[in-house]
Amino acid sequence: MSEILNDKELVLRYQNGDVASFEMLVDRYQNKVFSYIAMLVKDKQLADDIFQDTFLKIIRTIKAGAYKEEGKFIQFAMRIAHNLIIDYFRKAKRLPMVDPTKEDYDMLDNAKFTDPSIEEQMITEQIHDDIRKMIEYLPEEQREVLVMRMYDDMSFKEIAEATNVSINTALGRMRYALINLRKMAKQKNVALTVA
Amino acid sequence: MVLNSTLSFEDMVKDVLHDMCAEMQPSRKTLDTILQYAATCECA
């Protein structure tokens, strides 16, 4: 199969028994779906389990003829993953939220480089490392929108549909994610200036 | 710590996010389970 088929064609072919078409869909989206899950649950084994459940549900939906081509396949997959993550957190009864104003909120203690002779490359790497930590400390609902928007290139309309909220809520979460990241950077004196 | 960069803060967050997410892959075992299920599922 050398031609590049779109998602709709692959789904249709799989419905008609062509398993290779489904493999192509998995291959096309495995990183986006898995990274989205892993960024939220922050546990590799758990992310693997939810990823597997997501795709088993996708298979059952397609095979049952219940897949509706109303949006993109990735939206459909993300919506299933989102619902499974919510189910997991409900069962585990944990929805960790972070208050960046807390006194003990100190994940950037290692960001204490002040020596002006340090190579810019080293500073960049350090700041990137700090930003990683800040992203991990965001409340889940804000981290979710950040990943969907900035990594998965989803529109706010698509994000709203996948996460079952209004577009304004999705926009608000993105805005607060950036505000919180800036706040954390400021608190820890990670000053990011534009030349 | 100050970094002089032509990147905006938002661009930098995006870069970091791309680095973080690009590294994340499901296990081979999980992928095999999914593909095996896809091949044998009789749930129509």
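The rules behind each value
- Residues numbered from 1 in each chain as written.
- Chains lettered and ligands numbered in written order.
- Predicted model: local features only at pLDDT ≥ 70, side-chain atom pairs only at ≥ 80, totals over all residues.
- Helix = DSSP H or I, 4+ residues; strand = E, 2+ residues; numbered from the N terminus.
- Buried ≥ 20, exposed ≤ 12 C-beta atoms within 10 Å, placed from the backbone.
- Contact = placed C-beta atoms within 7 Å.
- Domains from an automatic or database assignment.
- Nonpolar A, V, L, I, M, F, W, Y, C, P; charged D, E, K, R; others polar.

Asker: Sorry if this is basic, but what is going on with the overall build of chain A here?
Answerer: Each helix and strand in chain A was counted, giving eight helices and one strand. Sequence-ordered secondary structure for chain A, helices as α and strands as β, is α-α-α-α-α-α-α-α-β. Expressed as a percentage of its 195 residues, the buried residues of chain A come to 34%. Partitioning the intrachain contacts of chain A with sequence separation of at least 6 by distance along the chain shows that 65% fall at a separation of at least 24.

Asker: Would you mind showing me how to read the environment of A:Phe89 here?
Answerer: With respect to the element layout, A:Phe89 can be found in helix 4 (residues 73-92). Residues A:Phe89 and A:Val41 lie 48 residues apart in sequence; the distance between their C-alpha atoms is 8.8 Å.

Asker: For this particular structure, what's the right way to read unusual backbone geometry?
Answerer: Peptide bonds are mostly trans, and most non-glycine residues show a negative phi. All names here are of chain A. For Lys42, which is not glycine, the phi dihedral falls at a positive 55 degrees. Relative to the assigned elements, Lys42 resides in the loop between helix 2 (19-41) and helix 3 (44-63). Positioned with a positive phi, Asn164 is a non-glycine residue whose angle comes to about 60 degrees. Its place among the elements puts Asn164 in the loop between helix 7 (156-163) and helix 8 (167-187). C-beta crowding within 10 Å serves as the criterion here: with 11 such atoms nearby, Asn164 is assigned to the exposed category.

Asker: Help me understand the domain arrangement of chain A, please; the structure alone is not making it clear to me.
Answerer: One widely used convention gives an interface's size as the accessible area the parts lose upon coming together. All names here are of chain A. Each assigned domain of chain A is listed here: domain 1 (7-92) and domain 2 (98-195). Domain 1 puts 12 residues into the contact, and the matching count from domain 2 is 12 residues. Those elements giving two or more residues to the side of domain 1 that touches domain 2 turn out to be helix 2 and helix 4. Class assignment for the residues of the side of domain 1 that touches domain 2 results in five nonpolar, four polar and three charged.

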